[in-house]
Amino acid sequence: MTKKKIAVVGNGFASLFFIGDLLPLPVFPLFAAFLRRLHSDYDLTVIGNGRFVYFPAIPEFIIGKRTTADITVDIRPFLWRRNIRFVDAKAIDLQDGGRTVITTDGAYTNDALFLGIGPAFTVDDIPGTGAYTFSPCNGPDAMEAFLSRLEGLSEGVVYVGFKLNKRDGFVAGRGGQMYECACLLDYALKGKGVRDKFEIHLFSPDIEPGAAGAITDSLLERGIILDYGYEPKAFVEGGMLDPDGTFRKADLVLFTPGITAPDWIRRTCLPVSEGGHIDVDRYGRVKGLENVFAAGDCGNHENPPPWVPHQAHMARLRSNAAAKNMREVLRGGNPTHTYRFELSCILNMENDALWMHVAGDDKPPFRGIFPRHSKKLVTVKSAFERLYLFYLRHL
Ligand SMILES: Cc1cc2nc3c(=O)[nH]c(=O)nc-3n(C[C@H](O)[C@H](O)[C@H](O)COP(=O)(O)OP(=O)(O)OC[C@H]3O[C@@H](n4cnc5c(N)ncnc54)[C@H](O)[C@@H]3O)c2cc1C
């Protein structure tokens, strides 16, 4: 029987969760590559840059707990152990309704396609974003650049902020991560004994002025100034402009715009949602195309609850459903697997932590065995990271 050809574009969270769910881990990982040659039903190709980044640990660069090397994995050995072909290239177009992926290194055909191409950011929303702000969402290098500028300041005003894209009815943005950055910045400056020389502001046009809750309490406890409801008209040299044009001084701005899908998809046969994502249904299928699936930050949700975010955690749930459904369609059946909506992340403040959790079915994380507010969650968050990176590096 000829093996079905599956192409996976991207080697981030969504794609690696998808692969993990499509190919169960053998009992003896040492012989994995050999066993998969004998048993694999699929001929898999991954198109990407070969470099996996564990984004959730980037805020910890601020307190010197993580470096680029700690959170980056060369993913090629992981793929080799699974007998998966790797193509070091970028996808630039899709043809034949998704059956052919055009890349910077030629064309690759498939029987089924999975897209895990991650986010793009709406940097044009606020003029000056690209030139005058740093974002942890642009990866380890951008965070290192922010920190080296911070290192050069003996005092100053730092603004930390985010904007969300809610046009698809869910939260396409990085709110929690920016709260985490503000709190870790407070911790780091206190550790250096210079906290009183800095003002830290948290701003977002998407948070109502006067909003209250556990996160707001944590920010206020740390003396972080809340600029909820604030959106600058532009970022400029040395600061930003208020909507009425008044100049506001900011020595450094760490800011994340809203999330959408990468621009090149708009020039392909892929359907695009109102908010600029790849338009997928609740089975993870790209609407209107056969045997094409997408998950993670590049895809919208069908009928989402308004609180559901883009997260690695959601990427896991979505990729799992997409993998099961792809198996079904390749067997000639119909997709039947949907996924749960869940917001779940640990907000690490280093001297404290909060488990932010909302689930469509009200189930608590891990059957409620962990506290929701405790410094111990810092260790739990690190343990998740270590386990996942161990899996990618060795299993
Ligand atoms: C600072 C920060 C902190 C975070 N903290 C958390 C957290 O605590 N918990 C949580 O659940 N989530 C967290 N997230 C969110 C999480 O990292 C994302 O939701 C997750 O990375 C999405 O996975 P993805 O596969 O869709 O995208 P990515 O992980 O970004 O992967 C996209 C992949 O596609 C590749 N790619 C892109 N374009 C192409 C192309 N044209 N051709 C080939 N390959 C391409 C990229 O190289 C990459 O390999 C955080 C994010 C950031 C930035």
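This one's a predicted model, so the numbers in the text were calculated from it and none came from an experiment. Residue indices follow the written sequence of each chain, beginning from 1 at its first position. Restriction of local features to residues with pLDDT of at least 70 applies here, the model being predicted, together with a cutoff of 80 or more for giving and counting side-chain atom pairs; totals for whole chains, interfaces and linings are based on all residues.

This paragraph deals with the overall build of the chain. Helix and strand assignments come from DSSP, with helices taken as H or I runs of at least 4 residues and strands as E runs of at least 2, each series counted from the N terminus. Each helix and strand counted, the chain has 10 helices and 21 strands in total. Relative to the compact-globule value of 21 Å for 395 residues, the chain shows a C-alpha radius of gyration of 22 Å, a close match. Across its three principal directions, the C-alpha atoms of the chain cover 70 × 45 × 40 Å. Within the chain, buried positions represent 41% of all 395 residues. Both definitions apply: the radius of gyration is a C-alpha atom measure, and the globule rule equals 2.2 Å times residues to the power 0.38. For the exposure call, what matters is how many other C-beta atoms sit within 10 Å of a residue's own: 20 or more marks it buried, 12 or fewer exposed, and in between partly exposed, using C-beta atoms placed from the backbone.

A word on the nonpolar core. Here, a nonpolar core means buried Ala, Val, Leu, Ile, Met, Phe, Trp, Tyr and Cys residues linked by C-beta atoms lying within 7 Å of one another. Judged by nonpolar contacts, the single largest core of 100 residues is most densely connected at V8, F18, F114, V160, A182 and I278. Setting aside residues no more than four positions away along its own chain, F114 makes contact with I6, V8, S15, F18, F293, A322 and M326. Placing a C-beta atom from the backbone of each residue, one calls two residues in contact when those atoms lie within 7 Å.

Throughout this description, a residue near a molecule or strand is one whose C-beta atom, derived from the backbone, lies within 6 Å of it. Around the ligand sit 33 residues in total, of which G10, G12, F55, G118 and G296 are the nearest. Under the convention adopted here, Pro, Cys and the residues Ala, Val, Leu, Ile, Met, Phe, Trp and Tyr are nonpolar, Asp, Glu, Lys and Arg are charged, and Gly plus all remaining residues are polar. Here the shell around the ligand is composed, by residue class, of 17 nonpolar, 13 polar and three charged.

What follows is about the sheet that holds strand β8 (residues 106-109). An order of β6-β7-β8 is seen for the three strands of this open sheet, with the pairing classed as antiparallel. The open sheet has two free edges, formed respectively by β6 (91-95) and β8, since each of these has just one partner strand. Within the sheet, the average angular offset between the axes of one strand and its neighbour, ignoring direction, is 25°. Each pair of strands is called paired provided DSSP finds at least two bridges between the two strands. Pairing of β6 with strand β7 (residues 100-103) involves four bridges; the strand directions are antiparallel. From the neighbouring strand, Q95 faces β7, where its bridge partner is T100. Axis angles are defined between N-to-C directions and span 0 to 180 degrees, where every axis is a line fitted to C-alpha atoms and, for a helix, only to the segment in contact.

Further remarks concern the domain arrangement of the chain. When the domains of the chain are assigned, the result is domain 1 (4-119 + 261-341) and domain 2 (123-259). Summarising the inter-unit geometry, the C-alpha centres of domain 1 and domain 2 are found 31 Å apart. At the interface, 24 residues of domain 1 touch 21 residues of domain 2. When the residues that make up the side of domain 1 that touches domain 2 are grouped by side-chain class, the tally is 13 nonpolar, eight polar and three charged. Where each domain starts and ends follows an automatic or database-derived domain assignment.

As summarised here, the arrangement of the five strands in space is β5-β2-β1-β9-β19, forming an open sheet in which the pairing is parallel. Two strands bound the open sheet, and with one partner strand each, they are β5 (85-88) and β19 (292-294). In this sheet, adjacent strand axes meet at a mean angle of 20° when their direction is disregarded. Looking at chain direction, strand β9 (residues 112-115) and β19 are connected through three bridges and run parallel. Bridge assignment links L115 to a residue of β19, and that residue is A294. Sitting on the sheet, helix α1 (residues 13-22) is in contact with β1 (4-9), β2 (42-48) and β9, with an inclination near 155° to β1. The strands touched by helix α9 (residues 312-330) within the sheet are β1, β9 and β19, with β9 carrying the most contacts at an inclination of about 170°.

On a regular strand, each side chain points to the face opposite its neighbour's, so the side chains alternate between the two faces of the sheet. A loop of four residues connects β6 with β7, the two strands running antiparallel in sequence, and D96 in this loop sits at a positive phi of about 50°. Both β7 and β8 contribute to a ladder of four bridges, which runs antiparallel. For V101, the partnering residue across the bridge sits in β8 and is Y108. Hairpin connection of β7 to β8: two residues between the antiparallel strands.

Sheet analysis places strand β12 (residues 198-204) next to strand β13 (residues 225-228), joined by four bridges and oriented parallel. Looking at the pairing, L202 lines up with L226 of β13. By definition, the crossover connecting two strands over a helix is right-handed if that path, from the first strand to the second, turns clockwise as seen with the strands pointing away from the viewer. Since β12 and β13 lie parallel, the crossover through helix α8 (residues 214-221) that links them has a hand, and here it is right-handed.

A few words now on unusual backbone geometry. Within the chain, N83 stands out as a residue other than glycine whose phi angle is a positive 60°. By the element assignment, N83 lies in the loop between α4 (76-81) and β5. Take N83: there are 19 C-beta atoms within 10 Å of it, and that puts it in the partly exposed class. Of note, the phi angle at D96 is positive, near 50°, even though the residue is not glycine. Within the secondary structure layout, D96 lies in the loop between β6 and β7. Owing to 11 C-beta atoms within 10 Å, D96 belongs among the exposed residues under this scheme.

Now for the packing of α1 against α9. At a closest axis distance of 8 Å, the pairing of α1 and α9 adopts a crossing angle of 40°. Taken together, the axes of α1 and α9 are oblique relative to one another. Judged by the twist between their axes, the crossing of α1 over α9 is right-handed. Residues F13, A14, F17, F18, D21 and L22 of α1 touch α9, and the partners they reach there are A312, A315, R316, S319, N320, A322 and A323. Here the contact of α1 with α9 is built from residues that sort into nine nonpolar, two polar and two charged. An angle counts as roughly parallel when it lies under 35 degrees, as roughly antiparallel when it exceeds 145, as roughly perpendicular when it falls between 65 and 115, and as oblique in every other case. Crossings are assigned a handedness: left-handed for a near helix turned anticlockwise from the far helix by less than a right angle, right-handed for a clockwise turn.

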